[in-house]
Amino acid sequence: MGGSLGSGRVWGVPAPPPQAVPSLFPSEPCGFEATYQELASAVREEYPDIEIESRLGGTGAFEIEINGQLVFSKLENGGFPYEKDLIEAIRRARNGEPLEKITNSRPPCVIL
């Protein structure tokens, strides 16, 4: 994970191989931490055994990787992912299914 991603979270899911290991790369502006906490809470509710690790930075990115594969980028999509889409991506990874990029996103926030 290079410096261009900024900050991040690593999500590890103990499961039969292959394991889902989601990574989030949020930075601080515009409620990124609150959005991360919301997503983490939703995922932990669905997958109580999930492991989450942070990598902080400040480039405005909010990236999610599962098993090292980028599945969501705020820089590409312009907003934050929906909880249901992230949970579905983790489910697919836990079941050994191919991962697909999350292309739906919430509308971006506006700083006035």
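The present account deals with the structure reproduced in this document. Just so we're clear, the structure is a prediction, and the values are computed from it rather than from any experiment. (Residues numbered from 1 in each chain as written. Predicted model: local features only at pLDDT ≥ 70, side-chain atom pairs only at ≥ 80, totals over all residues. Heavy atoms only, no water.)

**Considerations on helix α3 (residues 83-94)**
A rise of 1.5 Å per residue sets the reference length of α3, with its twelve residues, at 16 Å; its end C-alpha atoms lie 17 Å apart and thus fit the reference within 8%. Of the positions making up α3, those classed as buried are Asp 85, Leu 86, Ile 87, Ala 89, Ile 90, Arg 92 and Ala 93. Just downstream of α3, Gly 96 is the residue with a positive phi angle, here 75°. (Helix = DSSP H or I, 4+ residues; strand = E, 2+ residues; numbered from the N terminus. Expected span 1.5 Å × (residues − 1). Buried < 20%, exposed > 50% of the residue type's maximum accessible area, 1.4 Å probe, protein only.)

**Here we look at the pattern of salt bridges**
Counting across every chain of the model gives eight salt bridges. Arg 94 is the partner of Asp 49 in a salt bridge, and the nearest nitrogen-oxygen pair spans 3.4 Å. Here Arg 94 lies in helix α3 and Asp 49 lies in the loop between α1 (32-46) and β3 (51-55), a separation of 45 residues in the sequence. Among the salt bridges present, the one from Glu 100 reaches Arg 92, with a minimum N-O distance of 3.6 Å. The class for Glu 100 is exposed, based on a relative accessible area of 54%. One continuous salt-bridge network, built from bridges that share partners, spans Glu 88, Arg 91, Arg 92, Glu 97 and Glu 100. (Salt bridge = Lys/Arg side-chain N within 4 Å of Asp/Glu carboxyl O.)

**Observations concerning α1**
Taking 1.5 Å as the rise per residue, α1 with 15 residues should run 21 Å; its terminal C-alpha atoms sit 21 Å apart, in good agreement. Regarding α1, the residues found buried are Phe 32, Thr 35, Tyr 36, Leu 39, Ala 40, Ala 42 and Val 43. Down the axis of α1, the buried set is contained in an arc of 165°. They therefore lie on one face. Residues Ala 34 and Glu 45 are exposed on α1 and point more than 90 degrees away from its buried face. (Arc of directions from axis to C-beta.)

**Overview of the side chain of Lys 74**
As for its position among the elements, Lys 74 is in helix α2 (residues 74-77). Buried Lys 74, no salt bridge; nearest opposite-charge side chain is Glu 63, N-O distance 8.5 Å. Residues contacting Lys 74, with those up to four places away along its chain left out, are Phe 32, Gly 60, Phe 62, Glu 63, Gly 79 and Phe 80. (Lys, Arg positive; Asp, Glu negative; His and termini not counted. Contact = heavy atoms within 4.5 Å.)

**A closer look at the nonpolar core**
Val 43, Phe 62, Ile 66 and Ile 90 are the most contacted members of the largest nonpolar core, which has 22 residues in total. For this core, the secondary-structure elements that each account for two or more residues are α1, β4 (63-66), β5 (69-73) and α3. Broken down by element, the residue count for this core peaks at six residues, all from α1. (Core = buried A, V, L, I, M, F, W, Y, C linked by side-chain atoms within 4.5 Å.)

**Looking at the packing of aromatic side chains**
Within the structure shown, the criterion is met by one aromatic pair. In this structure, Lys 74 packs its charged tip against the face of Phe 80, placed 5.7 Å from the ring centre. Note that Lys 84 overlies the ring of Tyr 82, its terminal NZ or CZ placed 5.9 Å from the centroid. (Phe/Tyr/Trp six-rings, centres within 6.5 Å; stacked < 30°, edge-to-face > 60°. Lys NZ or Arg CZ within 6 Å of the ring centre and 35° of its normal.)

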